[in-house]
Amino acid sequence: MSEQKVSKPKVKAPRVNPETSTFWEATAEGKLLVKKCNACGEKHFYPRSLCPFCFSDDTEYMECSGRGVIYSYSVTRRTSEPWAIAYVTLEEGPTMMTNLIDCDFDQLSIGQPVEVAFVDTGEGSAIPFFRPL
Amino acid sequence: MTIRGKAYIAGVYEHPLREATGKTVPQLHAEVAKGALEDAGLSKNDVDAYYCAGDVPGMGGINQAEYMGLNLRQIDSTETGGSSYVVHVNHAAQAIAAGHCKVALITLAGRPRADAKEKYRVRPGGGAPADYGFEGPFRPTVTNMYGMAAMRHMYEFGTTSEQLAWVKVAASHHAQYNEHAMLRDVVSVEDVLNSPVIADPLHRLDCCVVSDGGGAIIVVAPEVAADLKRPCVKVLGAGEAPKHLNGGKVDLTYSGARWSGPAAFEEAGVTPADIKYASIYDSFTITVVETIEDLGFCEKGQGGPFVADGNLISGVGKLPFNTDGGGLCNNHPSDRGGITKVIEAVRQLRGEAHPKVQVPNCDVALAHGTGGLLGSRMGSATLIMEAPGA
């Protein structure tokens, strides 16, 4: 059981498109971005050209601290290599899907502080996983 | 305009198979269509509207209409996952009320179990949606996505695994009387808790079955209903709503039923207290707990205590639910349960449920569908119906 408790991130390159290439290029430099709307001030995730709250097209990327707290998680256990899917609420506000890595799955809890841990895909991008602080 | 009293459910049919090896998906759709038409006392050539979702192979419903030889005035392939078929009853009722059709056929069919054994697979295609790159790398599965909703519900409201298990226990009490149910053994709370955890906090027995087969529904205009021998169920009201991640303002403690439910109750002119029987989509036990709260059967956060101690068991509790055994025990054809939810509600309103689970004086019933994922985005649809002659 002990080797099942420590996750090894599986890295699969994301599909990149013209709306999201800036986000994924930043991941390769270790930066986590969210979108901010200059019209209504709301931040959103995943990044879109139009603000999902006010439909303004005056949106821009902003860099995040990379810190947040676990909103919810679920460890998939009926498999040879369990993994922990989670939502993390960033310090900047938006909540994003991720996996929790470098941790004992049985010690995770909602509200726990975490920080981003990028894992390189080898294709010009990195996946934003999170690990407990 | 309202659909209230403007349309009737005249026929329903649930495919008896739970593993459909040797049959094709178009064939299964045609078989359930035939069954529902026979139940209604109508023929194929009476059908002038066809409703289906993404489980039909081809371009919307066109290929399947051709297979079945339908000549149509209306076709609608609205796709909202497992809730599609509840949406379809609403859309059919609207079309009938507007005079666009008189006899609407709704079908669902599939064979995920047979697909695993026979290499014959037709699934809906389509390109990658915008969210995909931000979720796919993290390996969301159906179970871990419902698991995250359950984890958050437990965190905010103190809901327990024991309370979730009661949903399965109630379903199993009903399924023992259904000869077609996949799982007919009555289970205990301990049985659920002792089954292996698939994805925290959901055990194997918190999950619905995987089954083949399907079902169909016939919705007709009042003048058609008046000429039929079988008792027809009146459509009183319906509501639909999608729910999603809202730009990152995520709240997994409620479903789209928070909006579809009140809309259906308002149109029907009834309240949750008037509902004698409820078909509640039960992909997982947590789906039932959140939906019951959102529909107003109890306060938000009180779904766990509400479902405990047999409160969902017919003849025992306050809210008899899923008396066919539901998706948890009976049937979840093609990974979509919306149609069997309507079918069992119609059986209850006709007084044709199994005598052991028939709700006495069942005059008003509700069916609710949830399609997609409680942990991200879903379609929700609520339908309220009245018994024949009520």
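Residues numbered from 1 in each chain as written. Chains lettered and ligands numbered in written order. Predicted model: local features only at pLDDT ≥ 70, side-chain atom pairs only at ≥ 80, totals over all residues.

1. What to know about the overall build of chain B
Counting its secondary structure elements, chain B contains 13 helices and 11 strands. Over its C-alpha atoms chain B spans a radius of gyration of 19 Å, differing by no more than 12% from the 21 Å that the globule rule assigns to 390 residues. Taken along the three principal axes of its C-alpha coordinates, chain B extends 55 × 45 × 40 Å. The buried share of chain B, taken over its 390 residues, is 60%. Considering only intrachain contacts with a sequence separation of at least 6, the fraction spanning at least 24 residues in chain B is 78%. (Helix = DSSP H or I, 4+ residues; strand = E, 2+ residues; numbered from the N terminus. Rg over C-alpha atoms; globule rule 2.2 N^0.38 Å. Buried ≥ 20, exposed ≤ 12 C-beta atoms within 10 Å, placed from the backbone. Contact = placed C-beta atoms within 7 Å.)

2. Digging into the interface of chain A and chain B
Think of interface size as the accessible area that goes away when the parts come together; that is how it is often given. Listed by partner, the interface residues are 29 residues for chain A and 27 residues for chain B. Contributions of two or more residues to the side of chain A that touches chain B are made by strand S4 (67-76), strand S5 (83-90) and strand S6 (95-100) of chain A. At six residues, the largest contribution of residues to the side of chain A that touches chain B is made by S4 of chain A. Residue classes in the side of chain A that touches chain B are distributed as 17 nonpolar, eight polar and four charged. (Nonpolar A, V, L, I, M, F, W, Y, C, P; charged D, E, K, R; others polar.)

3. Observations concerning unusual backbone geometry
Here the residue pair Phe 45 of chain A and Tyr 46 of chain A is connected by a cis peptide bond, since its omega of -10° sits within 30 degrees of zero. Within the secondary structure, Tyr 46 of chain A is located in the loop between strand S2 (43-44) and strand S3 (59-63). If you check the backbone angles, Asn 322 of chain B has positive phi at about 40° while not being a glycine. Position of Asn 322 of chain B relative to the elements: it lies in the loop between helix H11 (303-307) and helix H12 (326-330). With 30 C-beta atoms packed within 10 Å, Asn 322 of chain B lands in the buried category.

4. Quick look at the packing of helix H3 (residues 84-97) of chain B against helix H13 (residues 338-350) of chain B
Residues and elements named next belong to chain B. The N-to-C vectors of H3 and H13 enclose an angle of 60°; their axes lie 6 Å apart at closest approach. On the basis of their axis angle, the class for H3 and H13 is oblique. For the pair formed by H3 and H13, the contact residues are Ser 84, Tyr 85, Val 86 and Val 89 on the first element and Gly 338, Ile 339, Lys 341 and Val 342 on the second. Residues of the contact of H3 with H13, tallied by class, amount to five nonpolar, two polar and one charged. (Axes fitted to C-alpha atoms, helices over the stretch in contact; angles between N-to-C directions. Parallel < 35°, antiparallel > 145°, perpendicular 65-115°, else oblique.)

5. Details of the sheet that holds strand S1 (residues 33-37) of chain A
All names here are of chain A. In space, the three strands of this open sheet follow the order S2-S1-S3, with antiparallel pairing throughout. Strand pairing shows two members of the sheet lacking a second neighbour, S2 and S3, which therefore form its edges. Pairing geometry for S1 and S3, over five bridges, is antiparallel. Note that in S3 the partner of Lys 35 across the bridge is Tyr 61. (Pairing = 2+ DSSP bridges.)

6. Comments concerning the sheet that holds strand S9 (residues 277-280) of chain B
All names here are of chain B. Read from one edge to the other, the open sheet built from nine strands follows the order S3-S2-S4-S7-S1-S8-S11-S10-S9, with strand pairing classed as mixed. Only two strands of the sheet have a single partner each, and these edge strands are strand S3 (74-76) and S9. Averaged over all pairs of adjacent strands, the angle between their axes in this sheet comes to 20°, without regard to strand direction. Here strand S10 (residues 364-372) runs beside strand S11 (residues 378-386); their pairing, made up of nine bridges, is antiparallel. Note on S11: the bridge partner recorded for Leu 366 is Ile 384. Against the sheet, helix H1 (residues 25-40) makes contact with strand S1 (8-14), strand S4 (103-110) and strand S7 (213-220), and its axis sits at roughly 45° relative to S7, the strand it touches most. In this fold H13 packs onto S1, S4, S7, strand S8 (233-243), S9, S10 and S11, with an angle of close to 175° to the strand it touches most, S10.

7. Quick look at the packing of helix H6 (residues 161-175) of chain B against helix H10 (residues 285-294) of chain B
All names here are of chain B. Running from amino to carboxyl end, H6 crosses H10 at an angle of 100°, the nearest separation of the two axes being 8 Å. The angle between H6 and H10 places the two elements in the roughly perpendicular class. Mapping the contact onto sequence places Leu 164, Ala 165, Val 167 and Lys 168 in H6 and Thr 285, Ile 286, Val 288 and Val 289 in H10. Here the residues of the contact of H6 with H10 are counted per class, giving six nonpolar, one polar and one charged.

8. Considering the confidence of the model for chain A
Here chain A shows a mean pLDDT of 91. Residues at 70 or above account for 92%. Scored below 50 in pLDDT, residues 1-6 of chain A makes five contacts in the model with residues more than four places away or belonging to other chains. (pLDDT = per-residue confidence, 0-100.)

9. Quick notes on helix H5 (residues 142-157) of chain B
An ideal rise of 1.5 Å per residue puts 22 Å on 16 residues; H5 of chain B measures up with 23 Å between its terminal C-alpha atoms. Counting buried positions along H5 of chain B yields 12 of 16 residues, so the element is predominantly enclosed. Listed as buried for H5 of chain B are Thr 143, Asn 144, Met 145, Tyr 146, Gly 147, Met 148, Ala 149, Ala 150, Met 151, Arg 152, His 153 and Met 154 of chain B. Along its buried surface, H5 of chain B packs onto S4 and S5 of chain A together with H6, strand S5 (197-199), strand S6 (202-203) and H10 of chain B. Following H5 of chain B by one or two positions, Gly 158 of chain B adopts a phi angle in the positive range, close to 75°. (Expected span 1.5 Å × (residues − 1).)

10. Points about the domain arrangement of chain B
Residue and element names in this part refer to chain B. According to the domain assignment, chain B consists of domain 1 (8-122 + 212-234) and domain 2 (135-208 + 236-386). Between domain 1 and domain 2, the C-alpha centre-to-centre distance is 23 Å. Across the boundary between the two partners, domain 1 contributes 30 residues, which contact 36 residues of domain 2. Looking at the side of domain 1 that touches domain 2, the elements that each hand over two or more residues are S1, H3, S4, S7 and S8. Here the side of domain 1 that touches domain 2 takes seven residues from H3, the largest share from any one element. Per-class residue counts for the side of domain 1 that touches domain 2 are 14 nonpolar, 11 polar and five charged. (Domains from an automatic or database assignment.)

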